[in-house]
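Each chain, letter by letter, is given below.
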Amino acid sequence: MNKKIIYFDHAATTPVKPEVLASMIPYFVQHYGNPSSIYGIGRENREAVENARAKIAAGINAKPNEIYFTGCGTEADNWAIRGAAHAYSAKGRHIITSAIEHHAVLHTCAALEKEGFEVTYVKPDEYGIVHTDDVEKAIRPDTILISIMFANNEIGTVQDIAALGKLAHDHGILFHTDAVQATGAIPINVKEMNIDMLSMSAHKLYGPKGVGALYIKTGVRPDIFMNGGAQERSRRGGTENVAGIVGFAKAMEIAQDGIEEKAAYITTMRDYLIQSIEDKIPYVRLNGHRTQRLPNNVNFSFQYIEGEALLLSLDLKGIAASSGSACTSGSLDPSHVLLAIGLPHEIAHGSLRLTIGEETTMEDIDYVVNSLVEIVDRLRNMSPLYEVVLKSNK
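Because the structure is predicted, anything quoted here is derived from the model rather than measured.

S.K.: Describe unusual backbone geometry, naming the residues involved and giving the relevant values.
M.R.: With phi around 55°, Arg233 is a residue other than glycine that occupies positive phi space. Position of Arg233 relative to the elements: it lies in helix H8 (residues 231-234). Note on Arg233: relative accessible area 36%, which makes it partly exposed. Although it is not a glycine, Tyr283 adopts a positive phi angle of roughly 55°. Tracing the backbone through its elements, the reader meets Tyr283 in the loop between helix H10 (259-280) and strand S9 (284-286).

S.K.: Can you explain helix H7 (residues 161-170)? Please cite residues and give values.
M.R.: Taken together, the buried positions of H7 are occupied by Ile161, Leu164, Gly165, Leu167 and Ala168. Down the axis of H7, the buried side of the element spans an arc of 155°, and every buried residue falls inside it. Positive backbone phi, at 70°, marks Gly172, one or two positions downstream of H7.

S.K.: Talk me through the side chain of Glu66; I want residue IDs and the actual numbers.
M.R.: With respect to the secondary-structure elements, Glu66 resides in the loop between helix H3 (40-59) and strand S2 (67-70). On the accessibility criterion, Glu66 (1% relative accessible area) is buried. Within the structure, the side chain of Glu66 is placed 2.9 Å from the side chain of Thr218, a separation counted as a polar contact.

S.K.: Account for the pairing of strand S10 (residues 297-302), naming residues and giving values.
M.R.: When you tally the buried positions in S10, you get six out of six residues, the bulk of the element. Side chains Asn297, Asn299 and Ser301 of S10 all project onto a buried face; the interleaved residues Val298, Phe300 and Phe302 project onto the opposite face, where all are buried too. Strand direction decides the pairing type here: S9 and S10, joined by three bridges, are antiparallel. Its bridge partner being in S10, Leu286 is matched across the sheet by Phe300. In the sheet, S10 pairs with strand S12 (residues 351-355) via five bridges, with the strands oriented antiparallel.

S.K.: Summarise the sheet that holds S10; cite the residues concerned and give the values.
M.R.: Here three strands make up an open sheet; going across it, the order is S9-S10-S12 and the pairing antiparallel. Every interior strand has two partners, whereas the edge strands, S9 and S12, have only one. Here the strands of the sheet are splayed against their neighbours by 25° on average, with no regard to which way each runs.

S.K.: Describe the nonpolar core, with residues and values.
M.R.: In terms of nonpolar packing, the biggest core is built from 61 residues, with Ile60, Ile67 and Phe150 touching the most fellow members. With 10 residues, the single largest contributor to this core is helix H9 (residues 242-256). With sequence-adjacent residues up to four places away left out, Ile67 is seen in contact with Arg53, Ile56, Ala57, Ile60, Ala62, Met200, Ala213, Leu214, Tyr215, Glu232 and Arg233. Counting 27 residues, the second-largest nonpolar core is a separate cluster that includes Leu273, Ile277, Phe300 and Ile305.

S.K.: So what's going on with the packing of aromatic side chains? Which residues, and what values?
M.R.: All chains considered together, the criterion is met by three aromatic pairs. Residues Tyr68 and Trp79 carry aromatic rings whose centres are separated by 5.7 Å and whose planes lie at 75° to one another, so their mutual orientation is edge-to-face. Placement of the pair is Tyr68 in strand S2 and Trp79 in helix H4 (residues 73-87), with a sequence separation of 11 residues. Each member of the pair, Tyr68 as well as Trp79, carries the same accessibility label: buried. Centroid distance Tyr283 to Tyr304: 5.6 Å. Interplanar angle 80°. Geometry classified as edge-to-face. On the criterion of sequence distance, the pair formed by Tyr283 in the loop between H10 and S9 and Tyr304 in the loop between S10 and helix H11 (307-316) is long-range, its members being 21 residues apart.

S.K.: Please provide a residue-by-residue account of the environment of Asp366, values included.
M.R.: Mapped onto the fold, Asp366 is located in helix H14 (residues 362-381). Residue class for Asp366 comes out partly exposed when judged on its relative accessible area of 29%. For Asp366 and Ala11, which are 355 residues apart along the polypeptide, the C-alpha to C-alpha distance reads 20 Å.

S.K.: Quick rundown of the packing of H11 against H14? Include the residues and the values.
M.R.: As a packed pair, H11 and H14 sit with axes 10 Å apart at the nearest point and diverge in direction by 135°. As summarised for this structure, H11 and H14 are arranged oblique, according to the angle between their axes. You can see that H11 and H14 cross each other, and the crossing is right-handed. Residues Ala309, Leu310, Ser313 and Leu314 of H11 pack against Leu372, Ile375, Val376, Arg378 and Leu379 of H14. Taken together, the residues of the contact of H11 with H14 break down into seven nonpolar, one polar and one charged.

S.K.: Describe in detail empty space enclosed by the protein, supporting the description with residues and values.
M.R.: If a probe as big as a water molecule is rolled over the atoms, it shows which places are left empty. For the coordinates displayed, the defined rule picks out one cavity of 30 Å³ or more. For the largest cavity, the calculated volume is near 310 Å³. When contributions to the lining of the largest cavity are tallied by element, the ones reaching two or more residues are H9 and H10. Counting residues per element, the lining of the largest cavity draws most heavily on H10, at four residues.

S.K.: Give a description of the packing of H4 against helix H5 (residues 103-114) that names residues and reports values.
M.R.: Between H4 and H5, whose axes approach to 9 Å, the crossing angle comes to 30°. Compared by their axis directions, H4 and H5 come out roughly parallel. In this structure, H4 meets H5 at a crossing whose hand is right-handed. Residues Thr74, Asp77, Asn78, Ile81, Arg82, Ala85 and His86 of H4 form the contact with H5, whose participating residues are Ala104, Val105, Thr108, Cys109, Ala111 and Leu112. Classifying every residue of the contact of H4 with H5 gives seven nonpolar, four polar and two charged.

How each quantity is defined
Residues numbered from 1 in each chain as written. Predicted model: local features only at pLDDT ≥ 70, side-chain atom pairs only at ≥ 80, totals over all residues. Heavy atoms only, no water. Helix = DSSP H or I, 4+ residues; strand = E, 2+ residues; numbered from the N terminus. Buried < 20%, exposed > 50% of the residue type's maximum accessible area, 1.4 Å probe, protein only. Arc of directions from axis to C-beta. Polar contact = N/O pair within 3.5 Å; in protein donor to acceptor, adjacent residues only side chain to side chain. Pairing = 2+ DSSP bridges. Axes fitted to C-alpha atoms, helices over the stretch in contact; angles between N-to-C directions. Core = buried A, V, L, I, M, F, W, Y, C linked by side-chain atoms within 4.5 Å. Contact = heavy atoms within 4.5 Å. Phe/Tyr/Trp six-rings, centres within 6.5 Å; stacked < 30°, edge-to-face > 60°. Parallel < 35°, antiparallel > 145°, perpendicular 65-115°, else oblique. Left-handed = near helix turned anticlockwise from the far one by under 90°. Nonpolar A, V, L, I, M, F, W, Y, C, P; charged D, E, K, R; others polar. 1 Å grid on protein atoms, 1.4 Å probe; cavity = no way out; pocket = protein on both sides within 12 Å on 5 of 7 lines; lining within 4 Å. Points joined across faces, edges and corners; volume = space filled by probe spheres on them.

Next up, the structure:
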């Protein structure tokens, strides 16, 4: 087995950067005060939390008092959707989302349907793009919320969030976006993009796990998500994860420094990876939009093989990858995202998501591609269906 780990699953999580860890360590040992305490070491930590809030707000062009810390991106999604649904239910009980959302959104909407809310799941096109015309057709007089993810966690397609947000506002509807994958990877401006609520998570941008945030535009009032204390201006109870929050802010600060240049560099590697796979392996399909996608995301379907066998074979070569969302890694069902963009079950089952990072090298990409060539060839030679295809092509 190759002892070096080639990590191509940055969409699942990212390593914590050394600078981020260094910023966090003092808050585990030296600065251990509870931010809600009125004595010195408590007030110092309150100041650290507020400084972090300002840095995270700056990263998306929000005001500091519009940032609310959560335990993760999933909690932020739950709060935004459930909180808005309950707070504005007197106006209406209809929600619009897309068929390719993360399960943090889809399962929350499903739970609301059990409470009597109605949800329309707009289908994307074959590239994973959710078109404003289709969303507009779904709008009803009782629609209170539109929630469309910024960038898909599986196929990487980036939506025209500004246009979708404007559409919502033109109809007097709140607009939420799950930006967990997009934050820190591509520029985000909540004011220019007409966003009312936006979900983030630190561990997707080289920060720690266990801390996220929800941007809530001034004047928007979703219901309180967690009772129990006056933290987060009495809207989300629970003692703050000070070390995590400080690490989140440091990661955001680093991510925003030269974000467009870093995105361009990673995009170059992404395109090289895509081209190399298409040049060397037949019967493959790139999933998601070819250019309107996250800089680091590559998702392919390999015909005539199972994705699970592909992943296990890559793991034996020291390559960490995935077939889709880490939150559904225990499921044997094909990706709901791939099915929603029109892939048949047999092709969706052979999908592979490769997400690169800032530390990825061209040598890493070459190693992964060459490994894929060998593995795909071996697995296909074991497939009776592929044998039929080869005979028919002779």
